[in-house]
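Coordinates in review
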Protein chains: 2
Amino acid sequence: MRIALDAMGTDDAPSSEVEGAVAAVEADVGVHVLLVGDRTAIAGALSRFPRRNRITVVHAPDRVMASDTPTSALRRPGSSINVGLSLQKAGDADAFVSAGSTGAVMAASVVLLRPLRGVDRPPVATVFPTDHGPTLVADVGANIECKPRQLVEFARLGAIYMQDLQGLESPRVGLLNVGTESEKGTEVLQAAYRLLAGSGLNFVGNVEGGDILRHACDVAVCDGFTGNILLKFYESVAAFVVRKLAPPGLRGNGLREEIQDRLRDLDYAEHGGAPLLGVNGVSVICHGRSSPRAIKAGIGVAARAVRSGMVAHMARDLAAARESQV
Amino acid sequence: MRIALDAMGTDDAPSSEVEGAVAAVEADVGVHVLLVGDRTAIAGALSRFPRRNRITVVHAPDRVMASDTPTSALRRPGSSINVGLSLQKAGDADAFVSAGSTGAVMAASVVLLRPLRGVDRPPVATVFPTDHGPTLVADVGANIECKPRQLVEFARLGAIYMQDLQGLESPRVGLLNVGTESEKGTEVLQAAYRLLAGSGLNFVGNVEGGDILRHACDVAVCDGFTGNILLKFYESVAAFVVRKLAPPGLRGNGLREEIQDRLRDLDYAEHGGAPLLGVNGVSVICHGRSSPRAIKAGIGVAARAVRSGMVAHMARDLAAARESQV
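In this report, the structure presented in the accompanying data block is examined.

What counts and what doesn't
Residues numbered from 1 in each chain as written. Chains lettered and ligands numbered in written order. Predicted model: local features only at pLDDT ≥ 70, side-chain atom pairs only at ≥ 80, totals over all residues. Heavy atoms only, no water. Helix = DSSP H or I, 4+ residues; strand = E, 2+ residues; numbered from the N terminus. Buried < 20%, exposed > 50% of the residue type's maximum accessible area, 1.4 Å probe, protein only. Contact = heavy atoms within 4.5 Å. Areas by Shrake-Rupley, 256 points an atom, 1.4 Å probe, with all protein chains shown as cover. Lys, Arg positive; Asp, Glu negative; His and termini not counted. Charge placed at Lys NZ, Arg CZ, Asp CG, Glu CD. Least-squares fit on C-alpha atoms with pLDDT ≥ 70 in both. Polar contact = N/O pair within 3.5 Å; in protein donor to acceptor, adjacent residues only side chain to side chain. Phe/Tyr/Trp six-rings, centres within 6.5 Å; stacked < 30°, edge-to-face > 60°. Salt bridge = Lys/Arg side-chain N within 4 Å of Asp/Glu carboxyl O. 1 Å grid on protein atoms, 1.4 Å probe; cavity = no way out; pocket = protein on both sides within 12 Å on 5 of 7 lines; lining within 4 Å. Points joined across faces, edges and corners; volume = space filled by probe spheres on them. Nonpolar A, V, L, I, M, F, W, Y, C, P; charged D, E, K, R; others polar. Buried area = accessible area lost by both parts, 1.4 Å probe. Pairing = 2+ DSSP bridges. Axes fitted to C-alpha atoms, helices over the stretch in contact; angles between N-to-C directions. Core = buried A, V, L, I, M, F, W, Y, C linked by side-chain atoms within 4.5 Å. Parallel < 35°, antiparallel > 145°, perpendicular 65-115°, else oblique. Left-handed = near helix turned anticlockwise from the far one by under 90°. Right-handed = clockwise from strand over helix to strand, strands pointing away.

1. So, the overall build of chain A
- Across its full length, chain A carries 11 helices and 11 strands.
- Over its C-alpha atoms, taken along the principal directions, chain A stretches across nearly 60 × 55 × 35 Å.
- The buried share of chain A, reckoned over its 326 residues, is 56%.
- At a minimum sequence separation of 6, the contacts of chain A that also span at least 24 residues come to 70%.
- As displayed, chain A has an accessible area near 12,900 Å², and 48% of this comes from carbon and sulfur atoms.
- Side chains of chain A give 34 positive and 35 negative charges; the mean places of these two sets differ by 3 Å.

Put into structure tokens, the structure is as follows:
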């Protein structure tokens, strides 16, 4: 399969992207990476690697700048984001991966790939690693305010993601709330609770903030505001704990490194970034500070999504949900 | 000063409360604890302690049950919560501390102590310990949905709390949001941003989820929904990290205990529970699983609030804010 990778997304682009792409094709013989971006910069970064089978450079004359809004980014047809997504739209790539601006990737993915029928506004989902297995949180920032029906869409899409990419038979869906009783939270959440209870999903009810790391559900549904605050908080925890447990200059044989290594698992970037769910294609958004390892993981997520037929599965499921409501 | 302590609040009441009270009066010669609850049960727990100067038992014939709602709890005039708060209302105690149901303590505090003039709905605030100093988050659960004006009240009350209890001259106030730009977030947050910018507070703008543990502000303002999700998530982090870094059965000389000990600082319960801000009195809510150490810390917070004249300070500040708006 061909995966278009935005080579201009990370803070030290295209170096992380190129190294991540090389690692990804080495790890998976079925993957061919299209490196999309400035051809000269990419060639420079690639020159460090002698072997580069299944890597092709696709030139993009422009790039999305930090000062761009999602809307102004759309008006750069030659940007690596727009060129990369257009490859997928044209059938020349099976998936797109970018560590560029989340807003820009999201907007361009929705405009170019289009939402699946039955999806109002695609959510961005992220896996929170726990020691009992991953918990998918959706939405983590695409939709700041949500209607009850949208939260059910997030649940439906998230459940399929966990079925197809994590091999769960019947993912447990929880609604993130301030208490477990059905009447807790805002009116939107109360209505979402009722809809989820009748959705046919494996709805386990409301879950609280502390239930995510306890793995009380496989998919935690929330609006993008709550999810974004939680995700960014979570991202900061690993760094905090390392500072707390192993301050710089700690004596001892490698304890600091040992702790950092064990906590690497807390780093959601290592788990492959955040897929945009419910578009007619595969679009994976990685952290702007992604390491080569994180880029490789993002490509891995995209590859699993393609192989599992996730998008067709979502389309079928949404159609069935419409049927059952008629 | 006299601090009324609900002796029936924790999961193993009154044992934790009694032990915490004994420790608190030993640590602070200015503190006299009124243990409020079932006199027989309290006497039993107290019998383990030979010295108990400055501890008085006040009988309360009833208690709030787990099945009570905040409203039904109000209809138990003989409960330890209502008796304890009534002592403060009557001037027989200077503060109230409880590890009982947050909703019940909050409702009874508002009804019995009354909000200060200018406070719409008092928030519950909690200190998130960071390695650079504490960050106060308000609200963490009292008000699920908030108007812009309420968020400004939380900021004002939180800033005074940090002035009086942490000795900060001009606490930095941040608005918890999904980005730093003023136009980020919901309309409520955009309006709150504008109000905070003109409030006279030391407003540092929007802060993101990751900024709390980075200590980008001293007071992080949010609605009670967001704060509650975040607080419960935070509570679960320490346990998660211990499992991750030091699984049970880990070999090595005391590493697990060492890690637990260093992470104790992450436990917000150790920092004295959550004060209800903006009522005409001092009411501190501790976690239902509070250890004696956490109860002692809660009493310590109440004592500092009383000594600093926090409530009068808040009333003056609210009056001045009203003046400046006229």
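2. Thoughts on the relation of the copies chain A and chain B
- Mapping chain A onto chain B calls for a screw motion: a turn of 180° about the axis and a shift of 0.0 Å along it, with 0.0 Å RMSD after fitting. Each copy turns onto its partner about a two-fold axis.
- Most of the interface of chain A is mirrored in chain B: 98% of its interface residues are interface residues there too.

3. Description of the side chain of Ser 290 of chain B
All names here are of chain B.
- Mapped onto the secondary structure, Ser 290 falls in the loop between strand S11 (283-285) and helix H10 (292-308).
- Assessed through its relative accessible area of 3%, Ser 290 is described here as buried.
- There is a polar contact of 2.6 Å between the side chain of Ser 290 and the backbone oxygen of His 287.
- Not counting the four nearest positions on each side in its chain, Ser 290 is found in contact with Thr 10, Ser 16, Ala 99 and Ile 295.

4. Considering the packing of aromatic side chains
- Going through the model one piece at a time under the given rule, you end up with nine aromatic pairs over all chains.
- Centre to centre, the rings of Phe 233 of chain A and Phe 233 of chain B are 6.1 Å apart; their planes meet at 70°, and the pair counts as edge-to-face. Taken as a pair, Phe 233 of chain A in helix H8 (residues 224-245) and Phe 233 of chain B in helix H8 (residues 224-245) lie in two separate chains rather than in one.
- Centre to centre, the rings of Phe 233 of chain A and Tyr 234 of chain B are 5.6 Å apart; their planes meet at 75°, and the pair counts as edge-to-face. Placement of Phe 233 of chain A in helix H8 and of Tyr 234 of chain B in helix H8 is noted, with the two residues assigned to different chains. A single burial state applies to Phe 233 of chain A and to Tyr 234 of chain B, both of which are buried.

5. Examining the pattern of salt bridges
- Taken as a whole and judged by the stated rule, the model has 18 salt bridges over all chains.
- If you follow the salt bridges from partner to partner, you end up with Asp 62, Asp 68 and Arg 76 of chain A in one network.

6. Focus on empty space enclosed by the protein
Residue and element names in this part refer to chain B.
- Within the structure shown, the criterion is met by one cavity of 30 Å³ or more.
- Taken as a whole, the largest cavity spans an internal volume of roughly 40 Å³.
- If you trace the largest cavity, you find it lined by Tyr 161, Pro 275, Leu 276, Val 282, Ser 283, Val 284, Val 301, Ala 305 and Met 310.
- At the level of secondary structure, the elements contributing two or more residues to the lining of the largest cavity comprise strand S10 (274-276), S11 and H10.
- Considering only residue class, the lining of the largest cavity consists of eight nonpolar, one polar and no charged.

7. Quick look at the side chain of Gln 150 of chain A
- Its location among the elements puts Gln 150 of chain A in helix H6 (residues 148-166).
- Look past the residues within four positions of Gln 150 of chain A in its chain and what remains in contact with it is Asp 120, Arg 121 and Glu 145 of chain A.

8. As for the interface of chain A and chain B
- Contacts between chain A and chain B engage 43 residues on the former and 42 residues on the latter.
- Taking both sides of the interface into account, the surface hidden between chain A and chain B amounts to around 3,900 Å²; carbon and sulfur atoms contribute 73%.
- A salt bridge links Lys 232 of chain B to Glu 208 of chain A, with the shortest nitrogen-to-oxygen separation between them at 2.2 Å.
- Summed over the shared surface of chain A and chain B, the result is four residue pairs in polar contact (both at pLDDT 80 or more).
- Of all the elements in the fold, those that place two or more residues in the side of chain A that touches chain B are H8 and helix H9 (255-263) of chain A.
- With 16 residues, the top contributor of residues to the side of chain A that touches chain B is H8 of chain A.
- The residue inventory of the side of chain A that touches chain B, partitioned by class, reads 23 nonpolar, 11 polar and nine charged.

9. Notes on the sheet that holds strand S2 (residues 32-37) of chain A
Residues and elements named next belong to chain A.
- Spatial ordering of the open sheet is given by S3-S2-S1-S4-S11-S10, a layout of six strands whose pairing is mixed. Of all strands in the sheet, those bounded by a partner on one side alone are strand S3 (55-59) and strand S10 (274-276). This sheet shows a mean twist of 25° between the axes of neighbouring strands, independent of strand direction.
- Both strand S4 (residues 95-98) and strand S11 (residues 283-285) contribute to a ladder of three bridges, which runs parallel. The residue of S11 that forms the bridge with Phe 96 is Ser 283.
- The sheet strands contacting helix H4 (residues 80-89) are strand S1 (2-6), S2, S3, S4 and S11, and the helix crosses S4 at an angle near 160°.

10. Some words on the nonpolar core
- Leu 35 and Tyr 161 of chain A together with Leu 35 and Tyr 161 of chain B are the most contacted members of the largest nonpolar core, which has 222 residues in total.
- If sequence neighbours within four positions are ignored, Leu 35 of chain A has contacts with Leu 5, Ala 7, Glu 17, Val 18, Ala 21, Ile 42, Leu 46, Ile 55, Thr 56, Val 57 and Val 58 of chain A.

11. Here we look at the packing of helix H6 (residues 148-166) of chain B against helix H7 (residues 187-197) of chain B
All names here are of chain B.
- Contact geometry for H6 and H7: axes closest at 8 Å, N-to-C directions at 50°. Taken together, H6 and H7 sit at an angle that is classed as oblique. Taken as a pair, H6 and H7 cross one another with a handedness that is right-handed. Across the interface between the two elements, Pro 148, Arg 149, Leu 151, Val 152 and Ala 155 from H6 touch Val 188, Leu 189, Ala 191, Ala 192, Leu 195 and Leu 196 from H7.
- Per-class residue counts for the contact of H6 with H7 are 10 nonpolar, no polar and one charged.

12. Some thoughts on the pairing of strand S7 (residues 172-176) of chain B
Residue and element names in this part refer to chain B.
- When you tally the buried positions in S7, you get four out of five residues, the bulk of the element.
- Note: S7 against strand S8 (residues 202-207), five bridges, orientation parallel. Bridge pairing in S8 links Leu 176 to Val 207.
- Handedness of the crossover joining S7 and S8 through H7: right-handed.
- Note that S7 and strand S9 (residues 219-221) share three bridges and pair parallel. Residue Leu 175 lies in a different strand from S9, and its bridge partner there is Val 221.

13. Here we look at the environment of Ser 199 of chain A
Residues and elements named next belong to chain A.
- Structurally, the position occupied by Ser 199 is in the loop between helix H7 (187-197) and strand S8 (202-207).
- Remark: the alpha-carbon pair of Ser 199 and Ser 324, spanning 125 residues in sequence, is separated by 9.6 Å.
- The residues contacting Ser 199, other than those within four sequence positions of it, are Val 152 and Arg 156.
- Among the polar contacts made by the side chain of Ser 199, one reaches the main-chain carbonyl oxygen of Leu 196 at a distance of 2.7 Å.

14. Section: the packing of helix H1 (residues 15-27) of chain A against helix H2 (residues 39-46) of chain A
Residues and elements named next belong to chain A.
- Their axes nearest at 9 Å, the elements H1 and H2 cross at an angle of 55°. Judged by the angle between their axes, H1 and H2 are oblique. Note that H1 runs across H2; the crossing there is right-handed. Only Ile 42, Ala 45 and Leu 46 of H2 make contact with H1, whose side of the interface consists of Ser 15, Val 18 and Val 22.
- Classifying every residue of the contact of H1 with H2 by side-chain character gives five nonpolar, one polar and no charged.

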